[in-house]
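These are the residues of each chain, in order.
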Amino acid sequence: MINTQRSASGSSQSPRSPSSQPYLSVSVTDPVKLGNGVQAYISYRVITKTNFPEYQGPEKIVIRRYSDFVWLRDRLFEKYKGIFIPPLPEKSAVEKFRFSAEFIEMRRQGLDLFVNRIASHPELQQSEDLKTFLQADEETMERLRSQDTGYFKKKPADLMQIFKDVQSKVSDVVLGKEKPVEESNPEYEKLKHYIFELENHLAEAQKHAYRLVKRHRELGESLSDFGKAAKLLGACEGDALGKAFSELGMKSEALSVKLQREAHQLLMNFEEPLKDYVRAVQSIKATIAERANAFRQQCELAETMKLKEINLYDSF
Amino acid sequence: MINTQRSASGSSQSPRSPSSQPYLSVSVTDPVKLGNGVQAYISYRVITKTNFPEYQGPEKIVIRRYSDFVWLRDRLFEKYKGIFIPPLPEKSAVEKFRFSAEFIEMRRQGLDLFVNRIASHPELQQSEDLKTFLQADEETMERLRSQDTGYFKKKPADLMQIFKDVQSKVSDVVLGKEKPVEESNPEYEKLKHYIFELENHLAEAQKHAYRLVKRHRELGESLSDFGKAAKLLGACEGDALGKAFSELGMKSEALSVKLQREAHQLLMNFEEPLKDYVRAVQSIKATIAERANAFRQQCELAETMKLKEINLDKLMLTRSDKVGEAEIEYKELKAESEDSTRRFETIVRLMNEEIVRFQEQKTLDMGIAFHNFSKGQARLASSIADAWRTLLPKLEACSSS
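Residues numbered from 1 in each chain as written. Chains lettered and ligands numbered in written order. Predicted model: local features only at pLDDT ≥ 70, side-chain atom pairs only at ≥ 80, totals over all residues. Heavy atoms only, no water.

A.B. asks: Mind showing me how you'd approach the overall build of chain B here?
C.D. replies: A count of helical and extended segments in chain B gives 9 helices and 3 strands. Reading chain B from its N end, one meets helices and strands in the order α-β-β-β-α-α-α-α-α-α-α-α. When each of the 401 residues of chain B is scored for burial, the buried share is 45%. Here the analysis covers contacts within chain B between residues at least 6 apart in sequence; of these, 70% occur between residues at least 24 apart. Accessible area for chain B stands at about 21,500 Å²; split by element, carbon and sulfur atoms hold 55% of it. (Helix = DSSP H or I, 4+ residues; strand = E, 2+ residues; numbered from the N terminus. Buried < 20%, exposed > 50% of the residue type's maximum accessible area, 1.4 Å probe, protein only. Contact = heavy atoms within 4.5 Å. Areas by Shrake-Rupley, 256 points an atom, 1.4 Å probe, with all protein chains shown as cover.)

A.B. asks: Sorry, what's going on with the sheet that holds strand S3 (residues 59–65) of chain B here?
C.D. replies: Residues and elements named next belong to chain B. With respect to topology, 3 strands assemble into an open sheet ordered S1-S2-S3, the strand pairing being antiparallel. The sheet is open, and its two edges are formed by strand S1 (24–34) and S3, each paired on a single side. Taken pair by pair, the neighbouring strands of this sheet meet at an average axis angle of 20°, ignoring direction. Pairing between S1 and strand S2 (residues 41–50): 9 bridges, direction antiparallel. Considered in S2, the bridge of Val 32 is made with Ser 43. Lying over the sheet, helix H2 (residues 66–79) contacts S1, S2 and S3, oriented at roughly 100° with respect to S3. Helix-sheet contacts for helix H4 (residues 128–135) involve S1, S2 and S3, and the interaxial angle to S3 is about 90°. (Pairing = 2+ DSSP bridges. Axes fitted to C-alpha atoms, helices over the stretch in contact; angles between N-to-C directions.)

A.B. asks: Sorry, what's going on with the pattern of salt bridges here?
C.D. replies: Close approach of charged atoms allows side chains with opposite charge to pair. Residue and element names in this part refer to chain B. One pass over the structure, following the stated rule, counts 56 salt bridges over all chains. Taking the shortest distance from any N to any O, the salt bridge between Glu 105 and Arg 108 comes out at 3.1 Å. In this pair, Glu 105 and Arg 108 are both assigned in helix H3 (residues 101–119), 3 residues apart and thus about one turn of the helix distant. Of the residues examined, Arg 108 reaches a relative accessible area of 15% and is grouped as buried. Note that Arg 342 and Asp 339 form a salt bridge whose closest N and O atoms lie 2.4 Å from each other. On the criterion of helical spacing, the pair formed by Arg 342 and Asp 339 is a turn pair, its members being 3 residues apart in helix H9 (residues 323–400). Residue classification places Asp 339 among the partly exposed positions, given a relative accessible area of 35%. One salt-bridge network, held together by shared partners, links Glu 90, Arg 117, Glu 272, Lys 275, Asp 276, Arg 279 and Asp 365. (Salt bridge = Lys/Arg side-chain N within 4 Å of Asp/Glu carboxyl O.)

A.B. asks: Is there a simple way to think about the confidence of the model for chain B in this case?
C.D. replies: In low-pLDDT segments, the atomic positions of the prediction should not be examined closely. Residue and element names in this part refer to chain B. Summarising the model, chain B shows a mean pLDDT of 85, and 84% of its residues fall at 70 or more. Every residue in residues 1–14 scores below 50 in pLDDT, and together they form 31 contacts with partners more than four places removed in sequence or on other chains. Low confidence marks residues 152–156, where pLDDT is under 50. Its contacts with residues over four positions away, or in another chain, come to 8 contacts. We note a pTM of 0.76 for the whole complex and an ipTM of 0.76 for its interfaces. (pLDDT = per-residue confidence, 0-100.)

A.B. asks: Is there a simple way to explain the nonpolar core in this structure?
C.D. replies: Proteins that are soluble and globular tend to have nonpolar side chains buried together. Grouped together as the largest cluster of nonpolar side chains are 73 residues, with contacts concentrated most on Leu198(B), Leu202(B), Phe270(B), Tyr277(B) and Met366(B). Taken together, the elements giving at least two residues each to this core come down to helix H7 (186–236) and helix H8 (239–314) of chain A together with helix H7 (186–236), helix H8 (239–317) and H9 of chain B. Per element, the largest residue contribution to this core is 18 residues, and it comes from H8(B). Among all residues touching Leu198(B), those that are not within four sequence positions of it are Leu233(A), Cys236(A), Glu237(A), Tyr277(B) and Val281(B). Phe52(B), Val70(B), Phe77(B) and Leu88(B) belong to the second-largest nonpolar core, a separate cluster that totals 33 residues. (Core = buried A, V, L, I, M, F, W, Y, C linked by side-chain atoms within 4.5 Å.)

A.B. asks: Help me out: how do you make sense of the sheet that holds strand S3 (residues 59–65) of chain A in this one?
C.D. replies: Sheet strands pair via backbone hydrogen bonds, and the direction of the pair is either parallel or antiparallel. All names here are of chain A. Spatial strand order, S1-S2-S3: 3 strands in an open sheet with antiparallel pairing. In this open sheet, the two edge strands, each paired with only one partner strand, are strand S1 (24–34) and S3. Strand-to-strand twist in this sheet, taken as the mean axis angle between neighbours without regard to direction, amounts to 20°. One ladder, built from 9 bridges, connects S1 with strand S2 (residues 41–50); its direction is antiparallel. Looking at the pairing, Leu 24 lines up with Thr 50 of S2. Running over the sheet, helix H2 (residues 66–79) touches S1, S2 and S3 and is turned about 100° from S3.

A.B. asks: Sorry, what's going on with H3(B) here?
C.D. replies: Three or four residues apart is the spacing at which side chains of an α-helix point the same way, because the helix has 3.6 residues per turn. When the terminal C-alpha atoms of H3(B) are compared, their 27 Å separation across 19 residues agrees well with the 27 Å that a helix rising 1.5 Å per residue should span. The element H3(B) is largely enclosed, with a buried count of 15 among its 19 residues. (Expected span 1.5 Å × (residues − 1).)

A.B. asks: Explain the packing of aromatic side chains to me, please; I cannot follow it from the model alone.
C.D. replies: For any pair of aromatic rings, geometry is given as the distance between the ring centres together with the angle between the planes. Here the structure, examined in full by the defined rule, presents 17 aromatic pairs over all chains. Summarising the aromatic geometry, the rings of Phe52(A) and Tyr55(A) are spaced 5.9 Å apart at their centres and angled 80° between planes, so their arrangement reads as edge-to-face. Considered together, Phe52(A) and Tyr55(A) belong to a single accessibility category, that of buried residues. Plain terms: the ring middles of Phe52(B) and Tyr55(B) are 5.9 Å apart, the flat faces sit at 80° to each other, and that makes the pair edge-to-face. In this pair, the class of Phe52(B) matches that of Tyr55(B), namely buried. Every member of this aromatic cluster is reached through a ring pair, and the members are Phe226(A), Phe245(A), Phe270(B), Phe370(B) and Phe373(B). In this structure, Arg291(B) packs its charged tip against the face of Tyr188(B), placed 3.5 Å from the ring centre. (Phe/Tyr/Trp six-rings, centres within 6.5 Å; stacked < 30°, edge-to-face > 60°. Lys NZ or Arg CZ within 6 Å of the ring centre and 35° of its normal.)

Okay, structure coming up:
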């Protein structure tokens, strides 16, 4: 999945030499913890390799933090209505995991995926905001970030509430509860229905996938504890029996390591992609809401126009 | 483990024809729930097959309940000091599991093992109480059971307290805290030390083995939940992706069943034998306490006898008229002292034989348990690997389309 997104974007095969094919390739790397205490945060190196004329190339490196990525997502969402904006990995609510190695790595991968999906999207890659994000110096980025009165620029609690509002608003709008002004398009109806059903089932599957990870870990831990106890018994007994206990103990410990490793693999390569899929579907729902808004706006203006037209003729 | 205990007991190979070899074989079967509400209990069929002349043979069936087994254990413990009385499965403290199928089966197996170990022990199989247990009708058994003012005939809470007292008494006695009256026998010291260390480590291992069982179950449940969710997704998606989700879901559910089954196997064939081993060691600790008591008694009587001897000599010198009385007392004391010494020496002798038997049997039992554990785990791992491997080609078809 990552490979298909990261390779050269945009143009189809052409007879021109490879070096003159347009490419835009990004990687998000080297998470570093900066700041202290409550102010602490993670910064990432964003490396852009490109031959796009508008860009400073062939390579440019900038330092970005999570809220910079949020800024980019918000700007694209405002400007490119109708396009499914790639999803961001969540802001972690649980303080104590915020700086765990696993969480940081999962976030880094998610951010890398995010930027690359934008960079390989034929429309989104043309965005000025993307160029700013990939090229501007840190001070400029900070200024833009703090200026942003964007939709999501709120405290996490507010964010959750807004998101919930959006969710219910989307549901209302999509289910046509707000006003009986809705597209009568059977294909589109099918799509909306599919998206809603998909989200529910995916969330279920992802929840259980996460539990699977947890259970693998727990089984691994139990096997390790058992192995240690068996080895102690082996030391206490003599001869054949003692040897048997020791062997059992060592095998158990070795297997425990494998199980923990597998749990980690499951998390990174299976549960995380499922979560990513859920986020993508939520992004689609937001786009569905935008479409409904645009449709309603169109209808209202059409109605108002009719009334004004009638009014105009009356006055003649 | 069960097989080695259940076969013909006692005598070694002999040229006599098989049918005239003495045998005593018992099985505990068919648990049935009787009674209602709080009074409810489980009864078992105890089938005895034997050609022992003292027994009503060749086959006799009686109905027994858990407290009857407890009665037998208590009687044997009183009469055969020095012998490691086989352990009983515990009385369950948790009410709601008391009648679960798994608990009943584990208890039945434990009781079967208990009786068979007694029946195949060269000394214990001669016991009158064993014969009563295996042959008497239910009314007689009930009468004996209620008469019993035995050590353990108390409410569960009291039982725990008594057991704890025994434990600490054992520790005190064994560590020589009560009186500085202890055998100075280096071999025996080593044995006691080994038993105490063994109990701790075994209890730890058994606890973790139980957790392993639990984790297998939980993993199985998670896999089942995931499988269902994946199948729902499959129904929602179309074509290749939908098919892939469905296949994944079905595989997960199938594996979940295997995992739950392995968890059950682990419980019965591995964790339970470990628990049995713990109980056996606790029984040995009780015997160690009995030996210490016998030793102390012997020492006390020997001291008292010396004092009486000195007193007697004094009385004889003064030609007191109390001499006669004192002489009789002295003779009685001497007889008691000799009895006590004999009792102690019997315990020592028996224990020495018991240790050897215990080590051999235990090595055998644990070897079987480990074998079962490893085999079960290998089988499980193999079926898990096969299941996912056979899924791969079906998924590859999906990602290439």
